[in-house]
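Listed below, chain by chain, are the residues.
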Amino acid sequence: MNTSHSASLFARAQRVMPGGVNSPVRAFRSVGGTPRFIDRAKGPRIWDVDGNEYIDLVMSWGPLILGHADERVVRAATAAAARGSSFGAPTEAEVRLAELVIERFPSMDMVRMVNSGTEATMSAIRVARAFTSRPKVLKFDGCWHGHADGLLVKTGSTGMQYGVPDSAGVPSAYAQETLVATYNDLDSVTGLVERHGDELAAIIVEPVAGNMGVVPPASGFLEGLRRIADTTGAVLIFDEVITGFRVAPGGAQERYGVVADMTTLGKIIGGGFPVGAYGGRAEIMERVSPLGPAVQAGTLAGNPVAMAAGIAVLEALAEPGVYEGLESKAAQLTAALSDAAAEAGVTVTTNRVGSMFTTFFGSGPYMNADDVSGADKEAYARYFHAMLENGVAMAPSYCEAAFISTAHTDEDLDLIAAAAGPAFAAAGGR
Ligand SMILES: *Cc1c(COP(=O)(O)O)cnc(C)c1O
């Protein structure tokens, strides 16, 4: 496979951007090799600048549930851009998208649009603090909520102490307001709440974890968090930036029947444009400026082009049978991948919820960050490169989710499974 144009662009990029990229995982650091620079994409397929074609399972890390450059989304976005790309004044499209979101998420009485998932979680936490007049936030090791200072924290395996920053540049005073518990382990939450319950403003969780690979909530985990939040008076925030409109129309809270106090959204609701949103019960959202004292604003928030794209996606997702189709395609693909791995004599464990899944190299189970860190990264890197050579683009890291879109056909899934046979053989594994 010729990748010379990507290689020369990567060389240029590294001179002008840190690591040559605008988001670190794109740099291929954990799998090695040259990141592909993308020229264009359509449906489930993506083409790099050297003209190589791939079936895509990254799908821009989740937003593209209808596939790349879906006609309905392209039409809506171009029409909106032609009418003016930003006004700094309210538009009907914002009202429409907010209504569509609230219709699907009964736990949200009101919603505020922002420009990214990071902004959504950062703002939701500010509002939860304003609502409770308490300082601390509890998150889970392995959950990613974007790059706001207080959320760049985990504690690795111990999981039961004050946070330490994961990133340089985060004052430890910020990190100390973040408590870190172990995913799927209610005892680790109870232990922290016994000591800090009175100071706890919010519990924030990915109700299906998607950023340590896909890790589903164990039975009773989300219900337990709901109970603990009720007991302590903390605001329960479901970070559904990936899972919203992905694992069910109403996100994980619909799929698992657990009601959040606040919800953060992003990815799918922007249709591939930069959008985030946070919302919740009226009494909480009434704390947001200009109704309340919690300040949060944005020049491009509720951007008309992004709103138009988001509306087109949510309307397409409302058609009958969409989620059943996604579910059965993803089940079919993961079954085929498991067969291919078994045939190659490689032990893998697949975690799947709806149309998001991760193939971990190892026997599992993978139910928290510690488990995941035990999966075989080197085997994944070999698998990743073999898949890429065979025309399938996966995430360039062993602990990320793969995404199926409505644009992936049965034929595409067969091609992926056919590529996986030799890729598993190349991966080997322990
Ligand atoms: C992607 C993601 C974010 C951050 O969203 P950005 O748009 O990248 O800032 C936050 N939370 C979760 C669960 C995510 O997957």
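Before reading further, recall that the structure is shown in the block above.
Residues numbered from 1 in each chain as written. Predicted model: local features only at pLDDT ≥ 70, side-chain atom pairs only at ≥ 80, totals over all residues. Heavy atoms only, no water.

Undergrad: So what's going on with the overall build of the protein? Which residues, and what values?
TA: A count of helical and extended segments in the protein gives 14 helices and 16 strands. Relative to its length of 430 residues, the protein is compact, with a C-alpha radius of gyration of 21 Å against a globular reference of 22 Å. Taken along the three principal axes of its C-alpha coordinates, the protein extends 55 × 55 × 45 Å. Across the 430 residues that make up the protein, the buried fraction comes to 56%. By sequence separation, contacts in the protein at least 24 residues apart represent 72% of the contacts at least 6 residues apart. A total accessible area of about 17,300 Å² is found for the protein, and carbon and sulfur atoms account for 53% of it. (Helix = DSSP H or I, 4+ residues; strand = E, 2+ residues; numbered from the N terminus. Rg over C-alpha atoms; globule rule 2.2 N^0.38 Å. Buried < 20%, exposed > 50% of the residue type's maximum accessible area, 1.4 Å probe, protein only. Contact = heavy atoms within 4.5 Å. Areas by Shrake-Rupley, 256 points an atom, 1.4 Å probe, with all protein chains shown as cover.)

Undergrad: How would you explain the site of the ligand if you had to name every residue and give the values?
TA: Near the ligand, the surroundings consist of Ser116, Gly117, Thr118, Trp144, His145, Gly146, Glu206, Asn211, Asp239, Val241, Ile242 and Lys267. Within the side chain of Asp239, one N or O atom sits 2.6 Å away from a nitrogen atom of the ligand. Its free accessible area being 380 Å², the ligand has 83% of it covered by the protein chains. Split by residue class, the shell around the ligand holds 3 nonpolar, 6 polar and 3 charged. (Near = heavy atom within 4 Å. Polar contact = N/O pair within 3.5 Å; in protein donor to acceptor, adjacent residues only side chain to side chain. Nonpolar A, V, L, I, M, F, W, Y, C, P; charged D, E, K, R; others polar.)

Undergrad: Before we move on, can you summarise helix H6 (residues 186-196) with the specific residues and values?
TA: Of all the residues in H6, the buried ones are Ser188, Val189, Gly191, Leu192, Val193 and His196. Buried-residue contacts for H6 involve strand E5 (136-140), strand E8 (178-181), strand E9 (200-205) and helix H7 (221-232).

Undergrad: Requested: an account of the pattern of salt bridges, with residues and values cited.
TA: As enumerated under the stated definition, the model contains 14 salt bridges in all. Across the salt bridge formed by Asp230 and Arg226, the nearest N and O atoms sit 2.7 Å from each other. Taken together, the residues Asp230 and Arg226, both in helix H7 and 4 residues apart, mark about one turn of the helix. Its relative accessible area of 15% is what places Arg226 among the buried residues. A salt bridge links Glu327 to Arg255; the nearest nitrogen and oxygen atoms lie 3.2 Å apart. You can see Glu327 sitting in helix H11 (residues 322-343) and its partner Arg255 sitting in helix H8 (residues 251-256), a full 72 residues away along the chain. (Salt bridge = Lys/Arg side-chain N within 4 Å of Asp/Glu carboxyl O.)

Undergrad: Any chance you could break down the sheet that holds strand E16 (residues 402-403) for me, citing the residues and the numbers?
TA: Taken in spatial order, the 3 strands line up as E13-E14-E16 in an open sheet, and their pairing is antiparallel. Each edge of the sheet is formed by a strand with only one pairing partner; in this case those strands are strand E13 (348-353) and E16. In this structure, E13 lies alongside strand E14 (residues 356-361), joined through 6 bridges in antiparallel fashion. Looking across to E14, one finds that Val348 is bridged to Phe361. Sheet strands in contact with H11 are E13 and E14, and its direction is about 180 degrees off that of E13. (Pairing = 2+ DSSP bridges. Axes fitted to C-alpha atoms, helices over the stretch in contact; angles between N-to-C directions.)

Undergrad: Give me the state of the cysteines: which residues, what numbers.
TA: Scanning the entire structure with this criterion turns up 0 disulfides. No disulfide involves Cys399; its sulfur sits 12 Å from that of Cys143, the nearest cysteine. Relative accessible area serves as the criterion here: at 17%, Cys399 is assigned to the buried category. (Disulfide = S-S within 2.5 Å.)

Undergrad: Which residues make up H7, and what values go with them?
TA: For H7, which comprises 12 residues, the first-to-last C-alpha distance of 17 Å matches the rise-based estimate of 16 Å (1.5 Å per residue) to within 8%. When H7 is considered as a whole, its buried residues turn out to be Phe221, Leu222, Gly224, Leu225, Arg226, Ile228, Ala229 and Thr232. (Expected span 1.5 Å × (residues − 1).)

Undergrad: Any chance you could break down the side chain of Thr118 for me, citing the residues and the numbers?
TA: On the secondary structure map, Thr118 appears in helix H4 (residues 117-132). Under the relative-accessibility criterion, Thr118 is labelled buried at 16%. A polar atom in the side chain of Thr118 sits 3.4 Å from the backbone nitrogen of His147. Look past the residues within four positions of Thr118 in its chain and what remains in contact with it is His145, Gly146, His147 and Ala148.

Undergrad: Outline the sheet that holds strand E3 (residues 53-56), supporting the account with residue identities and numerical values.
TA: With respect to topology, 4 strands assemble into an open sheet ordered E1-E2-E3-E15, the strand pairing being mixed. Only two strands of the sheet have a single neighbouring strand rather than two, namely strand E1 (38-42) and strand E15 (392-393). Direction of pairing for E1 relative to strand E2 (residues 45-48): antiparallel, over a ladder of 4 bridges. Looking across to E2, one finds that Arg40 is bridged to Trp47.

Undergrad: Got a sec to walk through the packing of aromatic side chains? Specific residues and values, please.
TA: For the coordinates displayed, the defined rule picks out 13 aromatic pairs. Taken together, a centroid distance of 5.9 Å and an interplanar angle of 50 degrees make the contact between Phe361 and Phe424 tilted. In this pair, Phe361 is assigned in strand E14 and Phe424 in helix H14 (residues 410-427), connecting sequence segments 63 residues apart. Judged by relative accessible area, Phe361 falls into the buried class, the value being 3%. For Phe424, a relative accessible area of 0% puts it in the buried group. One aromatic cluster is present, built from ring pairs that chain together Phe28, Phe361, Tyr380, Tyr383, Phe384 and Phe424. Stacked on the ring of Trp47, the Lys or Arg Arg40 has its end atom at 4.4 Å from the ring centre. (Phe/Tyr/Trp six-rings, centres within 6.5 Å; stacked < 30°, edge-to-face > 60°. Lys NZ or Arg CZ within 6 Å of the ring centre and 35° of its normal.)

Undergrad: An account of the packing of H6 against H7 is needed here, citing residue identities and associated values.
TA: Taken N-terminus to C-terminus, the directions of H6 and H7 make an angle of 10 degrees; their axes are 10 Å apart at the nearest point. Considering their axes alone, H6 and H7 lie roughly parallel with respect to each other. Side by side, H6 and H7 meet where Leu186, Val189, Thr190 and Val193 of the first sit next to Phe221, Gly224, Leu225, Arg227, Ile228 and Thr232 of the second. Of the residues belonging to the contact of H6 with H7, the class tally is 6 nonpolar, 3 polar and 1 charged. (Parallel < 35°, antiparallel > 145°, perpendicular 65-115°, else oblique.)

Undergrad: Explain the nonpolar core residue by residue, including any values.
TA: In terms of nonpolar packing, the biggest core is built from 96 residues, with Phe140 and Tyr383 touching the most fellow members. Take this core: its biggest share by element is 9 residues, from helix H10 (residues 304-317). Of the residues that make up this core, three or more belong to each of domain 1 (4-69 + 321-427) and domain 2 (71-317). When neighbours within four sequence positions are excluded, Tyr383 is seen to be in contact with Leu337, Phe361, Met394, Ala420, Ala423, Phe424 and Ala427. Counting residues in hydrophobic clusters, the runner-up holds 19 residues, among them Ile125, Val127, Ile204 and Ile284. (Core = buried A, V, L, I, M, F, W, Y, C linked by side-chain atoms within 4.5 Å. Domains from an automatic or database assignment.)

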